[in-house]
Amino acid sequence: MHGTRKPLVLWFKAMWWFTTRKSGVNAINLQDLLGLGSYNTAWLWLQKLRSCTVCKGREKLTGTVEADEFYVGGSKSGKRGRGAEHKCAVAIAVERKNRKLGRVRLQVIDDCSAGELVPFIQANVSTGSCVTTDGWPGYSALQGSGYGHRRMLQNKTENKDSILPGAHLVISLIKRLVLGTFQGRFEKKYLQRYLDEYTLRFNRRTSKSVGKKFLRIVQQAVATPTMTRNQVLVGAVSPSLAN
């Protein structure tokens, strides 16, 4: 908000819509809701808000955790699955609380190799946790990294839907959001911000107080270091204080 030429009340309204809409808000929606004359202003504001949704020192996932990878992007001909072209690879980790889901972590990765997946687990899941994955060899090194590792092999399971059901549910919700709210349009350099916004929204899905969600983003927006327009455009991610 530093140096803004718009009334601060518009920023507070933007933060309200940003936190209270279940499926989020895109720039066209926000432009209309706030009566802004410029689509670019609405887009820039949303990118700045997305940049202050994650705490660098947030607590790691614990207990039983499902880990997987998926691809986000438009439909184009070519290779599918791991190694697909024209799409962005994303790593996901989801806590399991018996039959319920806990918190989620999402991160854009360059590929689905062990060099990307294992550091993602180490950065987001506490050692001693039991990590459940499919049979992809990229997770093989987890066993010697302080984690319990449970592999679920599809070819040895009668019920294919029982393979990582929590992770697959969240993946389907994210893809629905990308196609619905954002019409499948995004650039890879901005994708992490969208994932961070979804993480904030998902991890606070059981909160009964809408006002607390709004208060949290206000606190984070005030405490987050200023981002210039150029930093936003190049895809820089600003550190923030809570998630």
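Residues numbered from 1 in each chain as written. Predicted model: local features only at pLDDT ≥ 70, side-chain atom pairs only at ≥ 80, totals over all residues. Heavy atoms only, no water.

Caption draft 1: Spotlight on the pattern of salt bridges. Across all of its chains, the model carries four salt bridges by this definition. As a salt-bridge pair, Arg96 and Glu66 come within 2.9 Å of each other at their nearest N and O atoms. Note that Arg96 is positioned in strand β2 (residues 88-97) and Glu66 in strand β1 (residues 64-72), a separation of 30 residues in sequence. For Glu66, a relative accessible area of 6% corresponds to the buried category. A salt bridge links Arg201 to Glu197; the shortest N-O distance between them is 2.4 Å. Placement of the pair is Arg201 and Glu197 together in helix α6 (residues 188-203), with a separation of four residues, close to one helical turn. Taking the relative accessible area as the measure of exposure, Arg201 reaches 17% and is therefore buried. A residue is classified by how much of its surface remains accessible, and Glu197, at 4% relative accessible area, is buried. One salt-bridge network, in which partners are shared between bridges, spans Arg50, Glu197 and Arg201. (Salt bridge = Lys/Arg side-chain N within 4 Å of Asp/Glu carboxyl O. Helix = DSSP H or I, 4+ residues; strand = E, 2+ residues; numbered from the N terminus. Buried < 20%, exposed > 50% of the residue type's maximum accessible area, 1.4 Å probe, protein only.)

Caption draft 2: Summary view of the nonpolar core. Met15, Leu30, Leu34, Trp43, Trp45, Leu46 and Ile217 are the most contacted members of the largest nonpolar core, which totals 25 residues. Listed by contribution, the elements that provide at least two residues to this core are α1 (8-20), α2 (27-34), α3 (39-50), α6 and α7 (210-223). Looking at this core, the element that brings in the most residues is α3, giving six residues. Counting 23 residues, the second-largest nonpolar core is a separate cluster that includes Val94, Leu101, Val104 and Leu106. (Core = buried A, V, L, I, M, F, W, Y, C linked by side-chain atoms within 4.5 Å.)

Caption draft 3: Region of interest: the environment of Ala27. As for its placement among the helices and strands, Ala27 is situated in helix α2. With relative accessibility at 5%, the residue Ala27 sits in the buried group. Sequence-wise, Ala27 and Leu46 are 19 residues apart; in three dimensions their C-alpha atoms are separated by 7.0 Å. If we ignore the near neighbours within four places in the chain, the residues touching Ala27 are Tyr39, Ala42, Trp43 and Leu46. (Contact = heavy atoms within 4.5 Å.)

Caption draft 4: Representation of α2 in the model. Along α2, the residues classified as buried are Ala27, Leu30, Gln31 and Leu34. Within α2, the buried residues cover an arc of 100° as seen down the axis, which keeps them to one side. Of the surrounding secondary structure, the elements contacted by the buried residues of α2 are α1 and α3. The backbone nitrogen of Ile28 lies 3.2 Å from a side-chain oxygen of the residue at the head of α2, namely Asn26. Positioned one or two residues after α2, Gly35 has a phi angle of 70°, which is positive. (Arc of directions from axis to C-beta. Polar contact = N/O pair within 3.5 Å; in protein donor to acceptor, adjacent residues only side chain to side chain.)

Caption draft 5: Layout of the layout of surface pockets. Quantified by volume, the largest pocket comes out at close to 520 Å³. Arg21, Lys22, Ser23, Arg201 and Phe202 are, among the 20 residues lining the largest pocket, the residues nearest its centre. For the lining of the largest pocket, the secondary structure elements donating two or more residues are α1, α5 (165-180), α6 and α7. Looking at the lining of the largest pocket, its residues break down into seven nonpolar, four polar and nine charged. (1 Å grid on protein atoms, 1.4 Å probe; cavity = no way out; pocket = protein on both sides within 12 Å on 5 of 7 lines; lining within 4 Å. Points joined across faces, edges and corners; volume = space filled by probe spheres on them. Nonpolar A, V, L, I, M, F, W, Y, C, P; charged D, E, K, R; others polar.)

So, to be careful, I would describe these as geometric facts and stop short of saying anything about function.
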